[in-house]
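# Chains, contacts and geometry: an overview
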Amino acid sequence: MLRVEEILQAAGVLFAERGYDKVTTNMIAARAGVSPGSLYQFFPNKEAIAQAFAADATEHLHRVYDTLLSSEVMILPLQVFVDTFVDAIIAFNRNYPGYLALELGSTLSSSLALVLAEFQQGLQTRLDALLAAYWQHSTPEQRELLLLVSYRLFLALLPLVLQGAEEEQRAIVRELKAVLYRYWEPIVARQSASAESKSMRAWSLL
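Residues numbered from 1 in each chain as written. Predicted model: local features only at pLDDT ≥ 70, side-chain atom pairs only at ≥ 80, totals over all residues. Heavy atoms only, no water.

On to the confidence of the model for the protein chain, then. Chain-level pLDDT for the protein chain is 87 on average; 91% of the residues reach the 70-or-more range. Ranking the elements of the protein chain by mean pLDDT puts helix 10 (residues 166–204) last, at 76, and helix 2 (residues 25–32) first, at 96. (pLDDT = per-residue confidence, 0-100. Helix = DSSP H or I, 4+ residues; strand = E, 2+ residues; numbered from the N terminus.)

A word on a nonpolar patch on the surface. On the surface, Leu-145, Leu-148 and Val-149 cluster together into a nonpolar patch covering about 250 Å² of accessible area. Within the secondary structure, Leu-145 is located in helix 9 (residues 140–162). You can call Leu-145 exposed: its relative accessible area is 53%. (Patch = residues over 30% accessible without salt bridge, like charges linked within 9 Å, V, L, I, M, F, W, Y side chains within 5 Å. Areas by Shrake-Rupley, 256 points an atom, 1.4 Å probe, with all protein chains shown as cover. Salt bridge = Lys/Arg side-chain N within 4 Å of Asp/Glu carboxyl O. Buried < 20%, exposed > 50% of the residue type's maximum accessible area, 1.4 Å probe, protein only.)

Their axes nearest at 13 Å, the elements helix 6 (residues 78–95) and helix 8 (residues 110–134) cross at an angle of 160 degrees. In terms of axis orientation, helix 6 runs roughly antiparallel to helix 8. Judged by the twist between their axes, the crossing of helix 6 over helix 8 is right-handed. In contact with Leu-78, Phe-81 and Phe-85 of helix 6, helix 8 contributes Leu-127, Leu-130 and Tyr-134. (Axes fitted to C-alpha atoms, helices over the stretch in contact; angles between N-to-C directions. Parallel < 35°, antiparallel > 145°, perpendicular 65-115°, else oblique. Left-handed = near helix turned anticlockwise from the far one by under 90°. Contact = heavy atoms within 4.5 Å.)

Right, let's get into the pattern of salt bridges. It is possible for side chains bearing opposite charge to pair when their charged atoms get close. In total, this model carries seven salt bridges according to the counting rule given. A salt bridge links Arg-3 to Glu-6, with the nearest nitrogen and oxygen atoms 3.2 Å apart. Placement of both Arg-3 and Glu-6 in helix 1 (residues 2–18) is noted, with a separation of three residues, approximately one turn of the helix. In this structure Arg-3 comes out as partly exposed when scored by relative accessible area, which is 34%. The class for Glu-6 is partly exposed, based on a relative accessible area of 29%. When the shortest N-O distance is used, the salt bridge between Glu-59 and Arg-63 registers 3.4 Å. Within this pair, Glu-59 and its partner Arg-63 are both found in helix 4 (residues 46–68), separated by four residues, close to a single helical turn. On the basis of relative accessibility, which here comes to 48%, the residue Glu-59 falls in the partly exposed class.

With that settled, the discussion passes to the side chain of Gln-169. Relative to the helices and strands, Gln-169 resides in helix 10. The buried category is assigned to Gln-169, whose relative accessible area is 12%. A distance of 2.9 Å separates a polar side-chain atom of Gln-169 from the backbone oxygen of Gly-164. Those residues in contact with Gln-169, other than ones at most four positions away along the chain, are Arg-94, Leu-160, Val-161, Leu-162, Gln-163 and Gly-164. (Polar contact = N/O pair within 3.5 Å; in protein donor to acceptor, adjacent residues only side chain to side chain.)

What follows concerns the packing of aromatic side chains. Here the structure, examined in full by the defined rule, presents nine aromatic pairs. Ring geometry for Phe-81 and Trp-184: centres 6.4 Å apart, planes at 40 degrees, overall tilted. One end of the pair, Phe-81, is in helix 6; the other, Trp-184, is in helix 10, with 103 residues separating them in the sequence. Like Trp-184, Phe-81 is buried. (Phe/Tyr/Trp six-rings, centres within 6.5 Å; stacked < 30°, edge-to-face > 60°.)

The subject of this paragraph is the nonpolar core. In terms of nonpolar packing, the biggest core is built from 62 residues, with Phe-15, Ile-28, Tyr-65 and Val-86 touching the most fellow members. Here this core gets 10 residues from one element, more than from any other, and that element is helix 4. Contact partners of Tyr-65, with chain neighbours within four places excluded, come to Phe-85, Ile-89, Leu-123, Arg-126, Leu-127 and Leu-130. (Core = buried A, V, L, I, M, F, W, Y, C linked by side-chain atoms within 4.5 Å.)

Now the structure itself:
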């Protein structure tokens, strides 16, 4: 429904600009170009808008992971894979600018926080599946640690990627890719070499 999409888009922009805590339904209605009464026909309050926005964004992000799990991406060298992955996630955050603001919101209700946590858990599962498909010899514990550190690095730099002059944003993206590649490369290479060594020893026993 077009009007709902306009409301969710307006909410996302406002969440990004002002933070979830400071946004009101009247602000969202004004940005969407609808009356508050019209907005309440679709959503009873700001929390309902945030939940709908997060659900829509999460569905889109699952589609992003579907693309990243394609056979064409899975055969890419690590450097190109990191570039592709970072570009895709940054593009998502630019299309859904309020998603990061919801993750960082400080006054979320317990029900909204629970919904967001459930969405995040589902995405974490998809992300682990993506990494497992690319890093085939890894263990769940290894992937969990790598994802935790990578996520924190990404989260710390993402606001800089989404703000400021375009040239500065491109520079931050280059640095983010370099940091992740330099973190991932020795871990992935070491694990792959270990798996190859075990395979060779197994063949030598035949």
